[in-house]
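Now for the letters of each chain:
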Amino acid sequence: MEAVMTYLDEHRFSSAKPNPLLFNTPILERERVCSREMNASMRKKVQRKCKIRGYNLKVDALDEILSFAARFEGDEDEAVDLLLDELEKSLKSTIIDKETVHRVVSLLLEAEAAVEDSSDPGAGTSSAIRVVDAFLVPKYKYDTIRKQFYEHTGTLSIHGEASAKAALYRDRFLLLSQRLSRDQHFSKPAFESEFSHFGSCEISPIQSLVGQTGRRWVMGVISQLEDGHYYLEDLTAAITTGLFSENTIVVVEGEMHVEGIFQVLTCGFPPLEDRDKSLKVLAGHDFFGGGTFTKEETIRMEEMEKRAVNDMFVILADVWLDNEEALTKLETVLDGFESVEVVPSLFVFMGNFCSRPCNLSFHSYSSLRMQFGKLGEMIAAHTRLKELSQFLFIPGPDDAGPSTVLPRCALPKYLTEELQKHIPNAIFSSNPCRVKFYTQEIVFFRQDMLHRMRRSCLMSPSTEETDDHFQHLVATITHQSHLCPLPLTVQPIIWNYDHSLYLYPTPHTIVLGDRSQQKAFKYTGITCFNTGSFSIDSTFVAYRPCSQEVELSALYTTINKAGNLELLPFPLGNIENSQNPMTIASGKTLHTSTAAMKGDVDIATS
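Quick caveat: nothing in here was measured; it's all calculated off a predicted structure.

**Things to note about the overall build of the protein**
Next, step 1: A tally of helices and strands in the protein yields 15 helices and 23 strands.
Next, step 2: Taken across its 606 residues, the protein has 47% of its residues classed as buried.
Next, step 3: Restricting the contact set of the protein to residue pairs at least 6 apart, pairs at least 24 apart contribute 66%.
Next, step 4: Only carbon and sulfur atoms are counted for the fraction: they give 52% of the accessible area of the protein, which is about 30,300 Å².

**Focus on the packing of helix α9 (residues 324–338) against helix α10 (residues 365–380)**
Next, step 1: The N-to-C vectors of α9 and α10 enclose an angle of 25 degrees; their axes lie 10 Å apart at closest approach. The angle between the axes of α9 and α10 places the two elements in the roughly parallel class. Read as a crossing pair, α9 and α10 show a hand that is right-handed. Contacts from Leu327, Leu330, Glu331 and Leu334 of α9 reach α10 at Leu375, Met378 and Ile379.
Next, step 2: The residue makeup of the contact of α9 with α10, split by class, is 6 nonpolar, no polar and 1 charged.

**Overview of the packing of helix α3 (residues 59–69) against helix α4 (residues 76–90)**
Next, step 1: α4 packs onto α3 with a crossing angle of 130 degrees between their chain directions and a minimal axis gap of 9 Å. Compared by their axis directions, α3 and α4 come out oblique. Handedness of the crossing formed by α3 with α4: right-handed. Contacts between α3 and α4 involve Ile65, Phe68 and Ala69 from the first element and Glu76, Ala79, Val80 and Leu83 from the second.
Next, step 2: Residues that form the contact of α3 with α4 fall into these classes: 6 nonpolar, no polar and 1 charged.

**Some words on the nonpolar core**
Next, step 1: By size, the foremost hydrophobic cluster in this structure holds 36 residues, and its most contacted members are Leu330, Phe349 and Phe393.
Next, step 2: Residue assignment for this core shows that the elements contributing at least two residues are β11 (313–317), α9, β12 (346–350), α10, β13 (390–394), α12 (413–422) and β20 (539–544).
Next, step 3: Once residues within four sequence positions are removed from consideration, Leu330 is found in contact with Leu316, Val319, Phe349, Leu375, Met378 and Phe534.

**As for the pairing of strand β9 (residues 249–256)**
Within a regular strand, the side chains alternate between the two sheet faces.
Next, step 1: The buried fraction of β9 is high, at 6 of 8 residues.
Next, step 2: As judged from the 7 bridges shared by strand β6 (residues 215–226) and β9, these two strands associate in the antiparallel manner. The residue of β9 that forms the bridge with Arg215 is Glu255.
Next, step 3: The hairpin formed by β9 and strand β10 (residues 262–268) contains 5 residues between the paired strands, and Gly260 there has a positive phi angle of roughly 90 degrees.

**Quick look at the packing of aromatic side chains**
Next, step 1: Applying the stated criterion to the full structure yields 23 aromatic pairs.
Next, step 2: Ring geometry for Phe149 and Phe287: centres 5.1 Å apart, planes at 90 degrees, overall edge-to-face. Residue Phe149 is located in strand β5 (residues 148–151), and its partner Phe287 is located in the loop between α7 (275–282) and α8 (295–307); the two are separated by 138 residues in the primary sequence.
Next, step 3: Judged by relative accessible area, Phe287 falls into the buried class, the value being 8%.

**Describing α7**
Next, step 1: Of the residues making up α7, those classed as buried are Arg275, Ser278 and Leu282. The arc that holds every buried residue of α7, seen down its axis, measures 60 degrees, which confines them to one face.
Next, step 2: Where α7 is buried, its residues contact β5 and β16 (440–446).
Next, step 3: One side-chain oxygen of the residue at the start of α7 lies 3.2 Å from the amide nitrogen of Asp276, identifying that residue as Asp274.
Next, step 4: With its phi angle positive at about 55 degrees, Ala283 sits one or two positions after the end of α7.

**Section: the side chain of Thr527**
Next, step 1: As for its position among the elements, Thr527 is in strand β19 (residues 526–530).
Next, step 2: There is a polar contact of 3.3 Å between the side chain of Thr527 and the side chain of Lys522.

**Topic: the sheet that holds strand β15 (residues 433–437)**
Next, step 1: Spatial strand order, β3-β15-β16-β17-β19-β18: 6 strands in an open sheet with mixed pairing. Here the strands that pair on one side only, and so sit at the sheet edges, are β3 (129–133) and β18 (519–523). Sheet twist, expressed as the average angle between the axes of neighbouring strands with direction ignored, equals 20 degrees.
Next, step 2: Sheet topology note: the β18/β19 ladder contains 5 bridges and is antiparallel.

**Re the pairing of strand β4 (residues 140–143)**
Next, step 1: Relative to β5, β4 runs antiparallel, the two being bridged by 4 bridges. In the strand pairing of β5, Tyr140 is matched with Glu151.
Next, step 2: Two successive antiparallel strands, β4 and β5, enclose a turn made up of 4 residues, where Lys147 displays a positive phi of approximately 60 degrees.

**A short note on the pattern of salt bridges**
Next, step 1: One pass over the structure, following the stated rule, counts 18 salt bridges.
Next, step 2: Residue Asp81 pairs with Lys49 through a salt bridge whose shortest N-O separation is 3.1 Å. Of this pair, Asp81 sits in helix α4 while Lys49 sits in helix α2 (residues 27–53), and the two are 32 residues apart along the sequence.
Next, step 3: Across the pair Arg275 and Glu441 runs a salt bridge whose closest N-O atoms are separated by 3.1 Å. Separated by 166 residues along the polypeptide, Arg275 in helix α7 and Glu441 in strand β16 bring together distant segments of the chain.
Next, step 4: For Arg275, a relative accessible area of 15% translates into the label buried.

**Remarks on the environment of Ser177**
Next, step 1: Following the sequence through the fold, Ser177 ends up in helix α6 (residues 162–180).
Next, step 2: For Ser177, a relative accessible area of 26% corresponds to the partly exposed category.

**Topic: the confidence of the model for the protein**
Next, step 1: Chain-level statistics for the protein give a pLDDT mean of 79 and a share of 78% at 70 or above.
Next, step 2: Here residues 573–606 is a poorly scored stretch, pLDDT under 50, and it has 98 contacts once near neighbours within four places are set aside; other chains count.

The rules behind the values
Residues numbered from 1 in each chain as written. Predicted model: local features only at pLDDT ≥ 70, side-chain atom pairs only at ≥ 80, totals over all residues. Heavy atoms only, no water. Helix = DSSP H or I, 4+ residues; strand = E, 2+ residues; numbered from the N terminus. Buried < 20%, exposed > 50% of the residue type's maximum accessible area, 1.4 Å probe, protein only. Contact = heavy atoms within 4.5 Å. Areas by Shrake-Rupley, 256 points an atom, 1.4 Å probe, with all protein chains shown as cover. Axes fitted to C-alpha atoms, helices over the stretch in contact; angles between N-to-C directions. Parallel < 35°, antiparallel > 145°, perpendicular 65-115°, else oblique. Left-handed = near helix turned anticlockwise from the far one by under 90°. Nonpolar A, V, L, I, M, F, W, Y, C, P; charged D, E, K, R; others polar. Core = buried A, V, L, I, M, F, W, Y, C linked by side-chain atoms within 4.5 Å. Pairing = 2+ DSSP bridges. Phe/Tyr/Trp six-rings, centres within 6.5 Å; stacked < 30°, edge-to-face > 60°. Arc of directions from axis to C-beta. Polar contact = N/O pair within 3.5 Å; in protein donor to acceptor, adjacent residues only side chain to side chain. Salt bridge = Lys/Arg side-chain N within 4 Å of Asp/Glu carboxyl O. pLDDT = per-residue confidence, 0-100.

Following this line, the structure appears as structure tokens:
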């Protein structure tokens, strides 16, 4: 009888077709079985959806899709449909692999995070800001045979061999030479005709000028091989000239005399190349060091960047921590930004951090360490800034460090430990330093370049287009594709890390921390500005990367009702307008969305 009842019970259960394991296992095991069944059901749904769309799905890609759908409990079908819609935009074949799915999933999750940040007015965008140390910038060398760049894979020594110094000049020359070869005015005509030489300025090697007559265009580096005698060198030979500053690369037009002297008729820097054109030639190489993106990723990142209208960078140079007046002014700035509705995303403090040079005669390092700690306490007292903003510290030319050569390493840990106790997310980087904000590339450089470039200039700059020395400086570093084209005797550079000072492809923004007058200038689509000295002139800059707007600001002293001195922020509106196309908005903002000055080859700058 018991046997019959057992048989009926088994058939009663089987008629309803339940899983018999659910009645013979503990509760946790039942949940695992249910999860497996739901997972199998979802797996079939995904495979069916892909089959309807005509796609073949690899096993690892299916697992990636299921992992994404599991994030949205209760809305798995909608999540899968959204993912497949996005995949259709980037697929080039009917086969879906794991890498493709992973890339699209990452973009969707980043977009979701950006929407959450934008919905919260106090939220920061720390994930959108990537800081690149100069010693981590990848190095690329140009192959003159294959006409392409390749990445240097070996280790780079701080103390390079003698050959590294020669390679420094060679790499700089080849970088501008390959850029010049794509310029239509300096390329050789494809077909010879009676009009072939009309408007063409084909570059001739210097060695080929021997015995030649008539005008020729040559490209070379200005060097002083003998005292008082300047030569123009390329990779073949050298000729005498006497223009610009030593170490700069120039393109000149002239005639060769019998005595071996090249008479220069026209001289200028190699013309600039559009950023997009340079990126196409580089074939995905990451010269900046912030990572590369696919076309679809770039488009999505650009959309996220456009939505980041509230993001602002506040940049200050010469923040003297041993000066009470400077600290009082800094506290005024922090108080002002603490009270705004949306705090800045990033504060950039550039040196010098001491009013005296930290050289061999400096013996107050313990005091400077305590002053960094006081700065940390000051920032920590502003709770919104501490929680929602990031803080980047870049050393100045006279700050503590192993030497004065470029690039300079980050501030010593001994000095910054006390500050990091109060601001754990503080970032200490090199000089120069690179920051990537979504797709935008920004270069920060703290050096008194204007004064040093003018002192090293071999002749006065041309005033035909502008007499503004800052605009001449911007034209010089952008055409040279180098932050510091000074002679190595004036500014030493670590030979193996000269590439970290390259400005190729041209970045979106160049920030110079110079003690000269605060300036802003839009040049061939590149936003360039100088912050001025905060401790001396009370000047600083607020920069909005979304619209590339530069707000030149300063503090001024006034007397309040109680008869006490009071510091107040004041946006500068009296920015001198140059002869180059550049719109100055009334009040406080320098808009940089207007047409830029053309980078002709006959620009003479210092």
